Structures are given as C-alpha cells and as structure tokens.
Amino acid sequence: MIPFDFEYYKPQTITDTIKLYHDLDLMGRKPIYYGGGTEFISMARMHNVYSEAVIDIKGIPELNIHEMKDNELIIGAAVTLTQIAELNLFPLLSLTVKRIADHTIQDKLTIGGNIAGTIIYRESVLPLMVADSDIVIAKKDAVDRLPLKDVFNKRMNLEKGDLICQIIIKKEYLNLPSIHVKRTKVEKIDYPLITMVALEKDKKIRTAFSGLGGYPFRSSKFEQLLNSNKSNKDTKIKDAINSLQSFITDDLHGSSEYKKFMLHNMLYEALENFEEGNK
Ligand SMILES: Cc1cc2nc3c(=O)[nH]c(=O)nc-3n(C[C@H](O)[C@H](O)[C@H](O)COP(=O)(O)OP(=O)(O)OC[C@H]3O[C@@H](n4cnc5c(N)ncnc54)[C@H](O)[C@@H]3O)c2cc1C
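Caption draft 1: Region of the structure containing helix α1 (residues 14-26). Along its 13 residues, α1 runs 19 Å from first to last C-alpha, staying within 8% of the 18 Å computed at 1.5 Å per residue. Every buried residue belonging to α1 is among Thr17, Ile18, Tyr21 and Leu24, and all of these are buried. One side of α1 holds all its buried residues, which, seen down the axis, span an arc of 135°. Seen from the buried face of α1, the exposed residues on the opposite side, beyond 90 degrees, are Thr15, Asp23 and Leu26. Where α1 is buried, its residues touch β3 (53-56), β6 (134-138) and β10 (163-170). Gly28 lies just past α1 and shows a positive phi near 80°.

So this is what it looks like as structure tokens:
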C-alpha cells in the first residue's frame, strides 16, 4: 500500500503538463511525472519517495507516437518497452529492452521512465548512445530537440519539471550491423553485470555499456583503441579495456577484475562476429 494520499492528474497536452507541474510545485505539492509508474509505486511503498500530486503523462499524444517520419524514427517517452520490442523498428533497441525486467513488467515500463528513472542501469540508453540519437525535452519556456550526448552525462541532466517527450533516431542507424550482450550474475532476468551494445558504422565499431560502473557510458578513447589497426585482437581489446580503468567498479554483481575478464570475452566474440559479417 502507498502510505500517503495524492491527487492524480492526466493532462492531454505538453503545455498543460508543464504548467500543471510548475503550478503544483509552487503550491508545495511535490509533483511527480508518472509514466509506467513502477518506480513511483515501489519507492512510495518503501517510503523512498513522497508526492501529493502525480501527473500521469500517458494521455499526451506526442508522448505516445511510435513511427517513422521524414526518415527518422520517433519514439514517444510514454511508449512501453513491450511496444518497442513488438514494433521492432530499431532491432538493437528491441533486443536491449527485451532483456530489461520480465515480460509482465515490460508492459508497464516506459522508455522515458527507463531513461529518467533513478535505477542506475538505464539500459535503453545504450542503443540510443551508439545511434547518435536526439531527445526532445519540454522545459518551462520551450520545447528543445537536443543531441542525447549533450544532455546525458551519467544520467539525464533535467531541470525540475522538465519532461522528456520523444527520442529521435535517424533511419540510417536503424538497421546497421549490431550486437547486444547482457551478462547477469546468476538469473537471466536481473540487473546487468555487464550489458554491451555495439554497432558498426562506416567500418568503425561503436560501443556503450551499462553495469561496468555506476552509470551507462560510451567512451571515445575506448572506441579509438578498439578500432585501431593493430592486427592482434587480444592486444587491441586489452588496450581498450585498460582505458576504462576509472569506469569499471566492484559491486554486488561482481568485482572489477571479473568484469574485465568477462568484457574481454564479450569483445572478442563481438569483433569476430562483425568480421564474419563483413566477409
Ligand atoms: C522489476 C524491475 C526490474 C527492472 N530491471 C531493470 C533492468 O534490468 N535494467 C534497467 O535498465 N532497468 C530496470 N528496471 C528499472 C526501470 O526501467 C526503471 O525503474 C524505470 O524508471 C521504470 O519505468 P516507468 O515507466 O515505470 O517509470 P516511472 O515510475 O513512471 O518513472 C520513473 C521516474 O522517472 C520520471 N519520469 C518518467 N517519465 C518521465 C518523462 N517522460 N520525463 C521526465 N521524467 C520522467 C518519473 O517522474 C519518476 O521519477 C527495473 C524495474 C523494475 C520494477
């Protein structure tokens, strides 16, 4: 049971939503956006979050868009992980979201919630990182389309009341050769020990990771070393992994040494797969 009362709002436009948030905030109601609501419900039950006004964002048409338009894939922030997997317009994203939680929960979790939520893994960000995606954010006075890399640094840099509206991926990235690997400690359905996505564009491999440390990341230094023209794969991978020293941390899922060992094998297989595909 949620141990406090709250008002429930379901606005129908972005403008109304932003205004409502700021009005409620001024009244001291501690408003919160509600996508799938899984995080709000579980954290409220545990007394880890408090709000007197929940703003359900699923009634806003722009946040439910899921279609190709002018050579771009547009995914509204209220689209669920199940919808993404089923429509499968960006296979690397579909593979990634299919391994977040289980089937039943995927029906509830929204992509906006996965990106903006407090749980550190935010795995759906990884394919968006390697595909140079943009993100549309509604702010108090404007709606901006921004490169994800400019607004995601360890987490989304959102100001109070900012609403993630859409994610936009250019068509040219949707069907490039790609790989998704998720390793967990024991169970198949769990938070990642390491999740890696890799995508090959213009003969260069791009990679992004979750689970290695405290946040999802993509590293240009790592990619430069991984794509170097050294012929020995093992050396290339070792050099690349060494550049990630500061990113890889011990946690409950595994030690940093174990993660490096796993990562080496994952990268070796990934490079072999890409090579095979290029034959
Ligand atoms: C059982 C379970 C297993 C999970 N396993 C994984 C996993 O393996 N990998 C992984 O990456 N994650 C995992 N998660 C985390 C999950 O993806 C996040 O908790 C996510 O926030 C839930 O999405 P939601 O739509 O329910 O979010 P909500 O509870 O609706 O929202 C979460 C937070 O994000 C904010 N928010 C939501 N939408 C927006 C928006 N459009 N703009 C701005 N702020 C917004 C809300 O205000 C709230 O603070 C798991 C969660 C559960 C419950």
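Picking up after the structure, the text goes on.
Caption draft 2: Up close: the packing of helix α10 (residues 233-242) against helix α11 (residues 256-278). Relative orientation of the contacting elements α10 and α11 amounts to 130°, with a least axis distance of 10 Å. Here α11 runs oblique to α10, going by the angle between their axes. Crossing handedness for the pair α10 and α11: right-handed. For the pair α10 and α11, the contacting residues are Lys233, Ile237 and Ile241 in the first and Lys260, Leu263, His264, Leu267, Tyr268 and Leu271 in the second. Per-class residue counts for the contact of α10 with α11 are six nonpolar, one polar and two charged.

Caption draft 3: Spatial organisation of the site of the ligand. Taken together, 30 residues surround the ligand, and among them Gly36, Glu39, Gly112, Gly113 and Gly117 come closest. For the shell around the ligand, the elements supplying multiple residues, two or more each, are β2 (32-34), α2 (38-45), α6 (111-116) and β10. Class assignment for the residues of the shell around the ligand results in 16 nonpolar, ten polar and four charged. Each of domain 1 (7-56) and domain 2 (61-173) contributes no fewer than three residues to the shell around the ligand.

Definitions and cut-offs
Residues numbered from 1 in each chain as written. Predicted model: local features only at pLDDT ≥ 70, side-chain atom pairs only at ≥ 80, totals over all residues. Helix = DSSP H or I, 4+ residues; strand = E, 2+ residues; numbered from the N terminus. Expected span 1.5 Å × (residues − 1). Buried ≥ 20, exposed ≤ 12 C-beta atoms within 10 Å, placed from the backbone. Arc of directions from axis to C-beta. Contact = placed C-beta atoms within 7 Å. Axes fitted to C-alpha atoms, helices over the stretch in contact; angles between N-to-C directions. Parallel < 35°, antiparallel > 145°, perpendicular 65-115°, else oblique. Left-handed = near helix turned anticlockwise from the far one by under 90°. Nonpolar A, V, L, I, M, F, W, Y, C, P; charged D, E, K, R; others polar. Near = placed C-beta within 6 Å. Domains from an automatic or database assignment.

These values are about where atoms sit, not about what they do.
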